[in-house]
Each structure stands twice: as C-alpha cells, then as structure tokens.
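Reading the structure
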Amino acid sequence: MTTTNIFSGIKVVDLASFIAGPAAAVILSDFGADVIKVEPPAGDLWRRGHNIPPQPAADDAYPWHLSNRNKRGLALDLKSPEAVPVLERLVKWADVLIVNTPHPARKRLKLEYEDVAAWNARLIYADLTGFGEKGPDADLPGFDITSYWARSGLLSLTRDAGAPPTWPVAGSGDHATAVGLYSAIVTGLYRRERTGKGSYVTTSLLAEGVWSSGVSIQAALCGAKFYPPHDRKNPANAAMNVYRASDGTWFVLIVTPDKVAPVVKAIGREDLLSDARFTDPDRLEENRPALIAILDDVFSSEPMEHWYQVFSSVHVTFGAVRGPEDVIKDPQLVANDIVVPLAGAGDRLKLTISSPLNVHDVAKVPARRAPEIGEHNAEVLKELGFSSSEIARLLTSGATGKAA
C-alpha cells in the first residue's frame, strides 16, 4: 500500500453547518484534500450536539469530531464587511466550496454561485439544500429528519402496522446525503479535468431520501398495489421477517425460494414442506399467522449463537439486530478499517468511523481531531496572503473572532 492520496493538492472550503455538507468534506479529507472549516466566531451549533437530546450524552464532542476531523478551523463572521476580502481569497484559493445556507440568507450574504464564481472560474460550488433549488418549498430550511425521512416517504414505511412514525437515528439521512454530495463534487472535479471549467453541483436531502426509498417511490409511480404496513405476526412474506432467539436477540431472516427447503430442514421442521396450509398458495395467506407462530416457537427455543451456526451452514441471509454498544464490538469493523484510530481528541475519544469508501493500494489520511473555533485563523489568513498587520486587524475586528 502506498501513501499517495488521491486528493492531495485539492483545497476545500467547508462553509456548511451541522452534518451532511461537513461529512462530505470529511470524505475528501480522508483522501488527502486540505479542508478549511469556516464557522461563525460563536461556533457551529453542532459543536454542542453531544448535549442535545436525544443524541447520547457525553462529555466529549463526539459528533463534532466525526463530521469535522482532519480539517483546519477558521472563524469568520460572514455578516461583517471585513469578512468580504477573506471570503474572496478563500474562494480564489479553493477548488471546492461547500455551502448549505438556505438561499434567502445566502443571497443576503452574497454567497450564491453567481456571487463567487467570478472570483474563480475553476471552482466546484457544492450546494446542499433541504428540498431542492426549485419549487414552492425551495427556500425552506430542512434537517434530515424532515426532508430526508419524512418528506421522502421513508418515515411512513419504516414502522410496524398500527404504530405511529418513530424518530429516526440522528444523522442517518445526513450521512447518506454526504456520500451523494461527495459524488457530485467528484463528478464536478472530473468534468473540470476534462474541460478546465468549474461546476455548480448540487443535491438535496429530499432527493437523497427519495433515492433511498426508490423501490417504493418507483412502485407508486407505476400504480403498484402496496401491502399494508409490516406486521411481524402476519407479514406479507413469512420468509422475510424478524424473529427472536431464546436469549432475547432479535434477528432479520431473509429466505429466498431456493433456500426454503434447506432452511426448514436445518431448523428441524421439514414437515412444513408437506403441510398444505403453507404449501397451497390459496391457503397460505389465511394461515400465515399460524406459520409465524410455529417459527416463533422454533426460534425461541435456542440462543442466537445456535441460529448463527444453523443459518451459516445453509448460507441463508440473516442479521442479528445489534445496538450501538454491541456494534462497536463487531470484529468486522476493525478488520475492514470501518473504525480507525483518532488522534488528539482526548483520552476517551480514541476511535472514529472512517468514511465508507476505499480504494485499494491507497492509504487514507490518519484521522486527527476536529479543530477548535478559529484554531488556525492566523495560519490560514497568512496562507491567503494577508500581512501581519492585516491579520492583527482582522483578529481584533470581530470578523474572525479571536484565535483559539
């Protein structure tokens, strides 16, 4: 494995807040890009995410480090007139600019593509919105819970029959969207390699949510007949259901038609293959609850370790439902560099999650902590060509706050 990084020399200005935009910048940084995190002098609100329920409470700012590791930090008040020359030099310096400010505020700050593209014709301007650039709700703010989950239909589909919509995992839609935004950025960079021109690239939480629920949305587009919401005791398909082992572990079981016979034999219920209640398609629907009851009795008789061996022996697809405290013990995470060391974030925060993309024979940049507010103010301003006296004035004007 070499130490060559694919995006070495690529310069990124991350003006985005919270998760999806910054996480896209993290993926670029994993492959060598130089990322400057720009935030208000008071700091991005996500710095305090570890203290905002229902996020798990901790002393360490673990969400901040996850979304902003490997970056340099610059504090900049974009509302200040003194910030304009700093922003201009940042744009001229950058290959990529990531923005997720709602467009009405973006217009007031003169951060629209038309405002900054004149400074750098090769710029990749990466725009992330909640609901897209056009339409009646284009200017609405959005989080992944509202735009990715609720508006896309996902939240209506991920629940059992009779249950209200639940609260999804924080940042889950954001992280999926981050990969989409990263893909858009890389597509823009590739276009620039071919044409020499910059690009305005974009995605939205809504677009990514609809893409994630694409099978169901495509079904709706062609007028397909939907089954009722999933009912574990009377599912649309008993071969695709959730069951519980004797040790209390829930597991997902997916038995494709070619695996039915091997599975029922492996669990000791070969008699099901000749039971007319379940083999006759006309009778199966009314007897499906009885089949689930039989399988519940079988699976509740042995612990998950037993079923792991049984299912593995017949190569059937299954997955034990794990909580985060169990997931971090999974040997697959370390073996595949899904969890990697994190340097400098403190005694308790020594590991982090790597981005989900890998290129063989290319080493990712070792993960290091996220910056403090304005930690690299003087360093970045000097790199942008400001003199010592100009830097001193900027640091005392309030435009950049104070160096950490």
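Preceding this section is the structure that the text describes.
These remarks concern the structure in this document. (Residues numbered from 1 in each chain as written. Predicted model: local features only at pLDDT ≥ 70, side-chain atom pairs only at ≥ 80, totals over all residues. Heavy atoms only, no water.)

So, about the overall build of the chain. Each helix and strand in the chain was counted, giving 18 helices and twelve strands. Dimensions of the chain, computed from C-alpha atoms along their principal axes, come out at roughly 85 × 50 × 45 Å. Here the chain holds 404 residues, and the buried ones make up 44% of them. Looking at the chain alone, contacts between residues at least 24 apart form 69% of all its contacts between residues at least 6 apart. Carbon and sulfur atoms make up 57% of the accessible area of the chain, which amounts to about 21400 Å² in all. Counting 42 positive and 48 negative side-chain charges, the chain places the averaged centre of each group 6 Å from the other. (Helix = DSSP H or I, 4+ residues; strand = E, 2+ residues; numbered from the N terminus. Buried < 20%, exposed > 50% of the residue type's maximum accessible area, 1.4 Å probe, protein only. Contact = heavy atoms within 4.5 Å. Areas by Shrake-Rupley, 256 points an atom, 1.4 Å probe, with all protein chains shown as cover. Lys, Arg positive; Asp, Glu negative; His and termini not counted. Charge placed at Lys NZ, Arg CZ, Asp CG, Glu CD.)

Spatial ordering of the open sheet is given by β11-β10-β12, a layout of three strands whose pairing is mixed. Lying at the two open borders of the sheet, with one neighbouring strand each, are β11 (351-353) and β12 (367-368). Taken together, the three bridges between strand β10 (residues 339-343) and β11 define a ladder with antiparallel strand orientation. Paired with Val-340 across the strands is Thr-352, a residue of β11. (Pairing = 2+ DSSP bridges.)

In the structure shown here, the tally under the stated rule is 16 aromatic pairs. When the centroid spacing of 5.0 Å and the interplanar angle of 75° are considered together, the rings of Tyr-125 and Tyr-200 count as edge-to-face. Highlighted residues: Tyr-125 in strand β5 (residues 124-129) and Tyr-200 in strand β6 (residues 199-204), separated in sequence by 75 residues. Residue class for Tyr-125 comes out buried when judged on its relative accessible area of 0%. Ring centres of Tyr-243 and Phe-299 lie 5.0 Å apart, and the angle between their planes is 55°; this geometry places the pair in the tilted category. In this pair, Tyr-243 is assigned in strand β7 (residues 240-244) and Phe-299 in helix α13 (residues 281-299), connecting sequence segments 56 residues apart. As far as burial versus exposure is concerned, Tyr-243 and Phe-299 are alike and both buried. One aromatic cluster is present, built from ring pairs that chain together Tyr-243, Phe-251, Phe-299, Trp-307, Tyr-308, Phe-311 and Phe-318. (Phe/Tyr/Trp six-rings, centres within 6.5 Å; stacked < 30°, edge-to-face > 60°.)

Once that is clear, we can look at the pattern of salt bridges. Close approach of charged atoms lets side chains of opposite charge pair. Within the structure shown, the criterion is met by 17 salt bridges. For the salt bridge of Lys-37 with Asp-14, the shortest nitrogen-to-oxygen distance reads 3.5 Å. Of the two residues, Lys-37 sits in strand β2 (residues 34-39) while Asp-14 sits in strand β1 (residues 11-14), which places them 23 residues apart along the sequence. This pair shows no difference in class: Lys-37 is buried, exactly as Asp-14 is. Between Arg-72 and Asp-34 there is a salt bridge whose closest N-O contact spans 2.8 Å. With Arg-72 in strand β3 (residues 71-75) and Asp-34 in strand β2, the pair connects residues that are 38 residues apart, well separated along the chain. When its relative accessible area of 10% is taken as the criterion, Arg-72 is described as buried. (Salt bridge = Lys/Arg side-chain N within 4 Å of Asp/Glu carboxyl O.)

We now examine the sheet that holds strand β4 (residues 96-99). The strand order β3-β2-β1-β4-β5-β6 describes an open sheet built from six strands, whose pairing is parallel. Single-partner strands in this sheet number two, and they are β3 and β6. Strand-to-strand twist in this sheet, taken as the mean axis angle between neighbours without regard to direction, amounts to 20°. Where β1 lies against β2, four bridges are found, and the strand directions are parallel. The residue bridging Val-12 from the neighbouring strand is Val-35, located in β2. (Axes fitted to C-alpha atoms, helices over the stretch in contact; angles between N-to-C directions.)

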